[in-house]
Amino acid sequence: MNTMNRLIAAAAAAIFCCTLGAKEIPETVTPASDSRITYVGRTLKDGNDVSFSWTGVYAKIRFEGTYLALRASDTKKNYYDIWVDRPADPGADRVIGISGKDSLYVLVDAGMDGISSGKGASSRVHEVIIKRRTEGEQGVTTFGEFITKGRILQAEGLKQRQFEVIGDSYTCGYGTEPGVRSDPFKPETENSNLTYAAILSRYFDADYYSVAHSGMGIARNYNDNMKDDYMPGRYSLTFDEKEGPEWNAAESGFSPAITIIYLCTNDFSCSRQPSLRAFRTNYHTLLGKIKANYGEDHPVLCISSKCDDLAADYVRDAVRTSGMKNVYFLGISEMIHDDDSELGASWHPNYKGHLKLSHSVIPYVSTITGWELNDNIK
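Predicted model, so just to flag it, every value in this text is computed and none were measured.

**A look at unusual backbone geometry**
Keep in mind that most residues, glycine aside, have a negative phi and that most peptide bonds are trans.
At step 1: Of note, the amide linkage connecting Gly 244 to Pro 245 takes the cis form, showing an omega dihedral of -5°.
At step 2: Topologically, Pro 245 is positioned in the loop between α4 (231–234) and α5 (249–252).
At step 3: With a phi close to 45°, Met 226 is a non-glycine residue in the positive phi region.
At step 4: Position of Met 226 among the secondary structure elements: in the loop between β10 (207–212) and α4.
At step 5: Here Met 226 falls in the partly exposed class, since its relative accessible area comes to 34%.
At step 6: Phi is positive for Asp 228, which is not a glycine, with a value near 65°.
At step 7: As for its position among the elements, Asp 228 is in the loop between β10 and α4.
At step 8: For Asp 228, a relative accessible area of 73% corresponds to the exposed category.

**Observations concerning the side chain of Asp 240**
At step 1: Structurally, the position occupied by Asp 240 is in the loop between α4 and α5.
At step 2: Here Asp 240 falls in the buried class, since its relative accessible area comes to 1%.
At step 3: A polar atom in the side chain of Asp 240 sits 2.7 Å from the side chain of His 213.
At step 4: At 2.9 Å, the side chain of Asp 240 forms a polar contact with the side chain of Arg 234.
At step 5: In this structure, Asp 240 is in contact with Ser 53, Trp 54, Gly 136, Glu 137, Ala 212, His 213 and Arg 234, ignoring residues within four places of it in sequence.

**Notes on the environment of Phe 163**
At step 1: Position of Phe 163 among the secondary structure elements: in strand β9 (residues 162–167).
At step 2: According to the relative accessible area criterion, Phe 163 is buried, its value standing at 2%.
At step 3: As for Phe 163 and Ala 257, which are separated by 94 residues in sequence, their C-alpha atoms are 5.6 Å apart.
At step 4: Contact partners of Phe 163, with chain neighbours within four places excluded, come to Ala 197, Leu 200, Ser 201, Ala 206, Asp 207, Tyr 208, Tyr 209, Phe 254, Pro 256, Ile 258, Ile 260 and Trp 371.

**What to know about the nonpolar core**
Here is a general trend for soluble globular proteins: nonpolar side chains tend to be buried in one another's company.
At step 1: By size, the foremost hydrophobic cluster in this structure holds 83 residues, and its most contacted members are Ile 130, Phe 143, Phe 146 and Ile 261.
At step 2: With 11 residues, strand β5 (residues 58–84) is the single largest residue contributor to this core.
At step 3: Look past the residues within four positions of Ile 261 in its chain and what remains in contact with it is Ile 166, Tyr 283, Leu 286, Leu 287, Ile 290, Val 300, Leu 301, Cys 302 and Ile 303.

Here is what the cut-offs are and how they apply
- Residues numbered from 1 in each chain as written.
- Predicted model: local features only at pLDDT ≥ 70, side-chain atom pairs only at ≥ 80, totals over all residues.
- Heavy atoms only, no water.
- Helix = DSSP H or I, 4+ residues; strand = E, 2+ residues; numbered from the N terminus.
- Buried < 20%, exposed > 50% of the residue type's maximum accessible area, 1.4 Å probe, protein only.
- Polar contact = N/O pair within 3.5 Å; in protein donor to acceptor, adjacent residues only side chain to side chain.
- Contact = heavy atoms within 4.5 Å.
- Core = buried A, V, L, I, M, F, W, Y, C linked by side-chain atoms within 4.5 Å.

Shown next, in the form of structure tokens:
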């Protein structure tokens, strides 16, 4: 064999070895409950599994390698936003639907387009965020395990700034995706990441979690549905539509600087409302549970929606008569956003509407928490 042939053979062998080596990168299986994975929101760890159902729950995963997949199950079907190698913003890199039992979902692969700044995933450290878009009535999701070609690393922990939001369909992101107000609701158009709560989290660089369900109120639900099942009772639960177990705030590690209550629209739906006495009693119950979780000095911002002038009177009265420390009132005006271009499906605010709502809430959060204002609105 002459010199040239030997060089060609050596090069071919080197390429073969590199290719073989790449193919032989072992897969590593990591339980979803592994402490290196950070979850934000109410979850339940059971052995290797992590289950949850409240809207907006998200996980942070950090790994070194070329491939990351998730094995998950869902009692119905829920949609998730995914970001790779960048912070969460209004436009996710990908959206996936999780359904069925023990299905495999590829989150990162070296051959994927549109990730890692458009260059594809290389064998380096990657950070992934996967966030639930849909609410609890769409089912319970269970993360079983993460499969990597590489190794799982310690993800970013909880941010220094944290807050909690309690609400209804506005907080869930009901109908926020592009459309018109006459469009019917579909789970595909519900996106918790486009809500005022998500905008607040990005503005203040904070982690947050939501306890929210469409159609629920303080003392009356939409069109009198689900009687005797209102948010003050459901607030204590780990799962949205399951009676147990109760949520243990002390064990969660979550330490919000403020809780925001944005409830009352459904109390005044269909041209009816509960009695002021019932509303006040239930609101005080909810405030009491929040204070029990985080202490009597914990601040709570109570927002009335633009649904009805009387709603502001009810919420203001509940705040005034609570007898509790650091409970504040904010009334949203009817002119906060328009009722045409800033509405999505089923007459709910779209992203533009939520942006305007967040502009009203941001100064109050800044004043109450001491978090400084900035120019980061998105």
